[in-house]
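Per-entry structural report
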Amino acid sequence: MENVNNDLKKYIIISILVLLGVLITIDLAYIYYEANFNQYALPSFCSISDFVDCDGVARTTESQFLGVPLAYWGLFLYSFIVMLLGVDKLKKVPFLKFLEVFKNKFHYIASLGLISFAISMILLCVSLFEIHKICVMCMITYLLNLAIGLTAVKGIEGGFIGAIKQSAKDFLDALKPLPYKIAFVVVMICAVGFLGWTFTSAKFSPALKFSREYGEFTKEGPNPYAVQGNILGSDAKDAVVLQVFSDYKCPMCKACNVMIHKVVTEFKNVRVEHHAMPLDTKCNKYLQQEFHQGSCIMAQYAEAAQMQGKFWEVNSLFFELRPSTEDEIIEVLENSGFDLDIDKLRKDAHSDAVNKIIQKDIDFAVSHKQIGTPALKMGKDFEMGVKGYHDLKKWVEAHGGKPKNKLF
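Quick look at the structure, then. (Residues numbered from 1 in each chain as written. Predicted model: local features only at pLDDT ≥ 70, side-chain atom pairs only at ≥ 80, totals over all residues. Heavy atoms only, no water.)

Quick look at the overall build of the protein
Let me state the cut-off plainly: A run of H or I in DSSP counts as a helix once it spans at least four residues, and a run of E counts as a strand once it spans at least two, with each numbered from the N terminus. Any two residues whose heavy atoms approach within 4.5 Å are treated as being in contact. Values of accessible area rely on a 1.4 Å probe in the Shrake-Rupley scheme; residue burial ignores everything except the protein chains shown. Counting rule applied: Lys, Arg positive; Asp, Glu negative; His and chain ends not counted. Here the site of a charge means NZ on Lys, CZ on Arg, CG on Asp, or CD on Glu.
A count of helices and strands for the protein gives 16 helices and seven strands. Taking the principal axes of the C-alpha coordinates as reference, the protein spans close to 95 × 50 × 35 Å. The long-range share in the protein, meaning contacts at least 24 apart out of those at least 6 apart in sequence, stands at 72%. Only carbon and sulfur atoms are counted for the fraction: they give 63% of the accessible area of the protein, which is about 22500 Å². The protein carries 43 positive and 43 negative side-chain charges, and their two centres are separated by 10 Å.

Now the structure itself:
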C-alpha cells in the first residue's frame, strides 16, 4: 500500500513538472519561430540584455540539433514522458498492445531525466562560453529535467545507475521478439530519414542554413582572398564582368566582398568591378532616413585610393575595420602600410571627380530599382542581396564564367 501511495505521489509530481515543461517549451518554440521567421517580431519578454537574451540564443546554430530546434526536441521528450506515465492504461488498448514492452516506467523516466539534464549542462556551457548569451526559459527546463529525474528515481534500487541498467535490460528484452525488432528498425529508418532531411535542408533552422552558405565569409579578421591594385580577376578585354554595388557599413556586403574575391580565384575569365552604393544621406539623395552613417566618406576615400592604384586593398581594409569618421579613416590608412599619399588622398576624396563617380553609381543602381545593398549585376541581370556561394558560382557560370577546374 505504501508503494502504491509513493508511486501516486511520484506520478502527480512528475505530471506537474512535465506540464510546466510542455508550457515552457511551447513558449520557447514560439520564441524560436519569431526570432528566425518573423522579421517584424518584437523582442520577447526574456530578452532583456546582451547577455540574458532568449532571442539571440534562438538565432544561433546552437539552438538546433540535426536541423530540429531544441525546443521541439524538448516537446518530444515531455510527450514521451507523458506516454510513459499513462502506459499502464494505454497498453490495454488493442492497437497499442506493443506498449507492453514498457515495464518499469519510473526507471525510464529517471534515466531520461538524468540524460536530459546532462545534455542541458552541455548546452549551458555552450551558452556561457561560446554564444556568450543565456536563455532564462531554457535554464528553467534544465532544472525541471533534473527535478523529474530526481522524483522518478526515488525508491529505485541502485538510484540512477540502477534505473539506467534496468532501462537498458528492458530495451534489449523488448527487441527479442521478431515483430518488435522489425518495428524498431522501421521506426529508426524513418527517424534517420526525417532527421537527415531536416539537417540537409535546414528547413527549420535558418541559422544553420546561413552558416553553411555564408559562414566562411562572415568570419572576423582580414579577407583571406584580398588582392592589391585596381583589378580584381581577369584583365582581359573579353572578360565576363561581375558588377558589385555595396556599402562599407552593410554587414552582408562584407561577406559579399569575401565571396567575390574567392570567385575570381575559381574562374579564369571573370573580372569584378566595384560600385559605391552608400546608404548615407550625406551623399545619397534618394534616402528618406539615415541607414549607414559614415559610409559616404568611406566610399569617397575608397574611390580616392583607386586614383593611386590601391582600391581593392583599401576596400577590404574598410570592410575589416569599419572606420566611421574621416579621422578614423585617415588613421587606419596611415597604419595600413599601403604606401599611400595621404595628403593627395584627402584632397581627392573631397574632389568633384570622386563625388561624380559615386553619384553616377548611385543613380545607376536606383534607376534599376536596386535601392539596397549588396546588389550584383551580370549582363542585364540585377540581383539584390547575397547569393549563397554555390548559387553565386552557378550564376557566374551561366553568364559565361569559365571555372578553372573544368577542362571543357
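Structural notes on a negative patch on the surface
Note the following rule: A patch consists of residues whose relative accessible area exceeds 30% and which take part in no salt bridge; residues with like charges are grouped when within 9 Å of each other, and nonpolar side chains (Val, Leu, Ile, Met, Phe, Trp, Tyr) when within 5 Å. Here, a salt bridge means any Lys or Arg side-chain nitrogen found within 4 Å of an Asp or Glu carboxyl oxygen.
On the surface, D327, E328, E331 and E334 cluster together to form a negatively charged patch. Tracing the backbone through its elements, the reader meets E334 in helix α13 (residues 326–334).

Structural notes on a nonpolar patch on the surface
Together, L8, Y11, I12, I16, L19, L20 and L23 make up a nonpolar patch on the protein surface, roughly 660 Å² of accessible area in all. Position of L20 among the secondary structure elements: in helix α1 (residues 2–37).

Concerning the state of the cysteines
Put simply, the rule reads: Disulfide: a pair of cysteine sulfur atoms within 2.5 Å of each other. Whether a residue is buried, partly exposed or exposed follows from its accessible area with a 1.4 Å probe, protein chains only, as a fraction of its type maximum: under 20%, in between, or over 50%, in that order.
Applying the stated criterion across every chain yields a total of two disulfides. At a sulfur-sulfur separation of 2.3 Å, the disulfide partner of C46 is C54. Judged by the sign of its S-S torsion, about -140°, the cystine formed by C46 and C54 is left-handed. C54 carries the same exposure label as C46, and that label is buried.

As for the side chain of T60
Here T60 shows up in the loop between α2 (54–58) and β1 (64–65). The class for T60 is buried, based on a relative accessible area of 16%. When sequence neighbours within four positions are dropped, the list of residues in contact with T60 reads I131 and A207.

Quick notes on the pairing of strand β5 (residues 270–276)
Applied cut-off: Being paired, for any two strands, means DSSP has found at least two bridges between them. Looking down the strands as they point away from the viewer, one classifies a crossover as right-handed if the path from the first strand across the helix to the second runs clockwise.
Most of β5 sits out of view: six of its seven residues are buried. Taken together, the two bridges between strand β3 (residues 232–233) and β5 define a ladder with antiparallel strand orientation. Residue pairing in the sheet places L232 in a bridge with V272 of β5. Where strand β4 (residues 240–246) lies against β5, seven bridges are found, and the strand directions are parallel. What sits directly across from V240, in β5, is V270. Following the backbone out of β4, through helix α10 (residues 251–266) and into the adjacent parallel β5, one traces a crossover that is right-handed.

Details of the side chain of H261
Position of H261 among the secondary structure elements: in helix α10. Those residues in contact with H261 that sit more than four places away from it in its chain are N223, Y225, A226, V227, L232, W312, N315 and S316.

As for the nonpolar core
Definition in use: The set of buried Ala, Val, Leu, Ile, Met, Phe, Trp, Tyr and Cys residues whose side-chain atoms join them within 4.5 Å is what this entry labels a nonpolar core.
In terms of nonpolar packing, the biggest core is built from 47 residues, with L242, Y301, F318 and L333 touching the most fellow members. When residues in this core are grouped by element, the largest group, eight residues, is from α10. Discounting residues that sit within four places of it in the chain, L242 has contacts with I260, V270, R271, V272, E273, L376, K377, M378, W395 and V396.

Thoughts on the environment of G113
With respect to the element layout, G113 can be found in helix α5 (residues 105–131). Since its relative accessible area comes to 3%, G113 is described here as buried. Separated by 47 residues in sequence, G113 and F160 have C-alpha atoms that sit 9.6 Å apart. If we ignore the near neighbours within four places in the chain, the residues touching G113 are N145 and G149.

A word on the sheet that holds β4
Where we set the bar: Axes here mean lines fitted to C-alpha atoms, for a helix over just the part in contact, with angles spanning 0 to 180 degrees between N-to-C directions.
As summarised here, the arrangement of the five strands in space is β3-β5-β4-β6-β7, forming an open sheet in which the pairing is mixed. Because the sheet does not close on itself, it has two edges, and the strands there are β3 and β7 (381–384). Bridge analysis of strand β6 (residues 375–378) against β7 gives four bridges, and the strand direction is antiparallel. Residue pairing in the sheet places M378 in a bridge with D381 of β7. Relative to β5, helix α12 (residues 311–321) is tilted by about 60°, and along the sheet it contacts β3, β4 and β5.

Quick word on unusual backbone geometry
For the peptide bond that leads from T373 to P374, omega is -5°, which places it in the cis range. Examined against the element boundaries, P374 turns out to sit in the loop between α15 (352–367) and β6. One non-glycine residue, R322, lies in the positive phi region at around 50°. Of note, R322 is situated in the loop between α12 and α13. On the accessibility criterion, R322 (26% relative accessible area) is partly exposed.

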